Every structure is written in structure tokens, then in C-alpha cells.
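# Secondary and tertiary structure notes
Here are the chains, one letter per residue:
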Amino acid sequence: MKRKNKRLLLAAFVLVLAIVVLQSKAVPKALASIAATLYVNSHYAGKNLSFTDVEYETHFGQYIVSFKNRIESIHLMMYPNAMPVFVQYDPLDTSR
């Protein structure tokens, strides 16, 4: 019985800690940059784009991740706000 209570308490602590970490701005920024980098590497490998910046745009309510090479720069809009792992807008993707 005592062991079950300890496990339940540990699970509750981990859940609360996960919620607190997800509410901070550091985790979504990191997720946005990682997801956008993976997207750019898989879709535009030949363009040699490198990551430059990630910022939260309050007007759009989304993270904007910037990449550039010697010729061009692109800015991807990532969503959803809490866990930005999907690209909503890609200026180089003409099929959307």
C-alpha cells in the first residue's frame, strides 16, 4: 500500500513538472526551431539554408523561424502555439 502511494505521488509530481515546463517559453521555442530545421533539411536540402532565429510573433500568435543562405532567406510560421511542431506557412511551397 505504501509503495502504491509513493508511485502515485511521483506520477503526480512528474505531471505537474511537465505542465510547468510546457508553459514556459523556452520549450516551445526549442521545439519550433528543431521542427523547422528538420522540415528545411528534408524539403530544401540542396539550398544549404542555415538556421538564424526563432521568435514568437504576438500579432500572429505563432513562432516564426528564420533560415538563410547567401542568396535568400525564408521565414516559416510554426503552430500550434503550445507545441509548435507543424509548419503553417512556407513561402517556398507553391502547392499550398
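What you are looking at is a predicted structure, and each value in this text was computed from that prediction instead of being measured.

As defined by bridge partners, strand 3 (residues 73–79) adjoins strand 4 (residues 86–89) across 3 bridges and the pair is classed as antiparallel. Bridge assignment links tyrosine 79 to a residue of strand 4, and that residue is phenylalanine 86. Between strand 3 and strand 4, which pair antiparallel and follow one another directly, the connecting turn spans 6 residues.

In this structure, proline 80 sits in the loop between strand 3 and strand 4. Residue proline 80 is classed as partly exposed on the basis of its relative accessible area of 37%. It is 8.9 Å that separates the C-alpha atoms of proline 80 and glycine 61, two residues lying 19 residues apart in sequence. The contacts of proline 80, once residues within four sequence positions are left out, are Val85 and Phe86.

Another aspect to go through is the pattern of salt bridges. One pass over the structure, following the stated rule, counts 1 salt bridge. The residue lysine 47 makes a salt bridge to glutamate 72 at a minimum N-O spacing of 3.1 Å. Taken together, the residues span a long stretch of sequence, with lysine 47 in the loop between helix 2 (26–43) and strand 1 (50–57) and glutamate 72 in the loop between strand 2 (62–68) and strand 3 at a distance of 25 residues. Since its relative accessible area comes to 33%, lysine 47 is described here as partly exposed.

Further remarks concern the sheet that holds strand 2. The antiparallel open sheet is built from 4 strands, whose spatial order is 1-2-3-4. Two strands in the sheet have a free side with no partner beyond their single neighbour: strand 1 and strand 4. Between one strand axis and the next, the sheet turns through 35° on average, direction left out of account. Bridge count between strand 1 and strand 2: 7 bridges; the pairing is antiparallel. Bridge assignment links tyrosine 56 to a residue of strand 2, and that residue is tyrosine 63. On the sheet, helix 2 packs against strand 1, strand 2, strand 3 and strand 4 and is oriented at approximately 45° with respect to strand 2.

What counts, and where the lines are drawn
- Residues numbered from 1 in each chain as written.
- Predicted model: local features only at pLDDT ≥ 70, side-chain atom pairs only at ≥ 80, totals over all residues.
- Heavy atoms only, no water.
- Pairing = 2+ DSSP bridges.
- Helix = DSSP H or I, 4+ residues; strand = E, 2+ residues; numbered from the N terminus.
- Buried < 20%, exposed > 50% of the residue type's maximum accessible area, 1.4 Å probe, protein only.
- Contact = heavy atoms within 4.5 Å.
- Salt bridge = Lys/Arg side-chain N within 4 Å of Asp/Glu carboxyl O.
- Axes fitted to C-alpha atoms, helices over the stretch in contact; angles between N-to-C directions.

Treat this as a map of the structure, not an account of what it does.
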